[in-house]
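# Observations on the model geometry
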Amino acid sequence: MNRTLLFVGAGARTDSWINAFAEVAPEIDFQPYEPGQDVSDVPYCLAWKAPPGIWPAMKNLKIIFGIGAGVDRLLADSSLPRDVPLVRMVEPELTRGMVEYVLWQCLFHHRKVWELEAAQSCSTWRPHSYPAPWDRTIGIMGLGELGSAAAERLVEFGFTVRGWSRTPKSLPKVESFFGADQLPAFLSKTEILVCLLPLTADTRGILNAALFAQLPRRASIINAARGGHLVEADLSAAMASGQINAATLDVFETEPLPPEHPFWSTERLYITPHNASITDPRSAAWRIAKQIAKFEAGEGLDHVVDCARGY
Ligand code: NAP
Ligand code: GLV
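Residues numbered from 1 in each chain as written. Chains lettered and ligands numbered in written order. Predicted model: local features only at pLDDT ≥ 70, side-chain atom pairs only at ≥ 80, totals over all residues. Heavy atoms only, no water.

Time to look at the environment of alanine 297. Among the secondary structure elements, alanine 297 is positioned in the segment after helix 10 (281-296). A sequence separation of 172 residues divides alanine 297 from tryptophan 125, and the C-alpha atoms of the two residues are 66 Å apart. (Helix = DSSP H or I, 4+ residues; strand = E, 2+ residues; numbered from the N terminus.)

Turning to the pairing of strand 10 (residues 219-223), a few remarks are in order. Walk down a regular strand and you will see the side chains alternate between the two sheet faces. Counting buried residues along strand 10, five of its five residues qualify, which places the element largely inside the surrounding structure. In strand 10, alternate side chains face the same way, and those of Ala219, Ile221 and Asn223 on one face and Ser220 and Ile222 on the other are all buried. Here strand 9 (residues 192-195) runs beside strand 10; their pairing, made up of four bridges, is parallel. Paired with valine 194 across the bridge in strand 10 is isoleucine 222. (Buried < 20%, exposed > 50% of the residue type's maximum accessible area, 1.4 Å probe, protein only. Pairing = 2+ DSSP bridges.)

The next point concerns unusual backbone geometry. Cis geometry is found at the peptide bond from glutamate 255 to proline 256, where omega equals -5 degrees. When you line up the elements, proline 256 lands in the loop between strand 11 (244-249) and strand 12 (269-271). With a phi angle near 60 degrees, lysine 173 is a residue other than glycine that sits in the positive phi range. Mapping lysine 173 onto the fold places it in the loop between strand 7 (160-165) and strand 8 (174-178). Classification of lysine 173 by relative accessible area gives exposed; the value is 72%. In the Ramachandran plot, arginine 218 falls in the positive-phi region, its phi being about 70 degrees despite a non-glycine side chain. Considering the arrangement of structural elements, one finds arginine 218 in the loop between helix 8 (209-213) and strand 10. Residue classification places arginine 218 among the partly exposed positions, given a relative accessible area of 45%.

In structure tokens form, the structure reads like this:
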């Protein structure tokens, strides 16, 4: 049985993946891709960004595994075969890391840490006020694997939580909104907006001036999804006008964020380098091996992307 898993990680911690498969899934023949390699018999591929032209050469491909939860980069390649199942990454460490990031940043914005930084910078003892968590409304765009787990944790913490998705959802103590018609109602009371949407044709550029104008004045934005969701110039203008008071961005249209980008020096704009959460190779290797075993036993795969929908 050919169990080759070709790894086209493009800088995605190759050694950790080699060690992870050796340790938890030795039955898988894990092969980092070498330029020029004959890939015609490869049945399985694990990819983040694939080198141009590689897909048509994999003539016996049976499953493509995405290294990340988001598959927008893979789907952007028109040569990616649409008739081979594309499985996105869902694993508990990735979810836990994102929940931790969202909680950290929501508390940061809730407590307005920049006011403490300003006071400390001039050695001033200046107690500032902030509401109880239940008097703070946090809105999460995207109530999928990550958004729903983050919402659950924020509810446990006592925040007033609302969520927005494409289809209706029912989550304990989360006021849920869905579809374009309900977006304005969702935004109207959201003081801290967290974006955890997939990047698709429908969601590209959704964090724009029109959306910011529908939030309460001096709201905060946290984008942990994709840079393509945000119209960067609109955020700069909304922060300059005071409509948006503060932001945390983990993802950018261009990554790494170029040194000359104005975001680096925008007050109350906090930058993390696309590491809100990272796939854990050991946990992922174990899950990929299980999925391959299921496939070989003729069973269905989990977390298969609907390529037409884009997530
Ligand atoms: P997911 O399980 O597929 O959930 C996506 C959610 O977005 C679903 O609730 C879906 O609604 C909603 N959605 C999609 N299109 C929509 C639309 N047009 N209008 C309203 N709602 C829409 O995805 P996930 O695993 O939670 O991951 C979300 C994203 O996080 C990924 O795509 C990736 O870009 C990003 N991410 C970033 C990092 C990082 O380190 N920064 C790490 C991991 C993931 P339905 O449920 O109704 O379909
Ligand atoms: C990271 O950005 C992911 O999509 O998992």
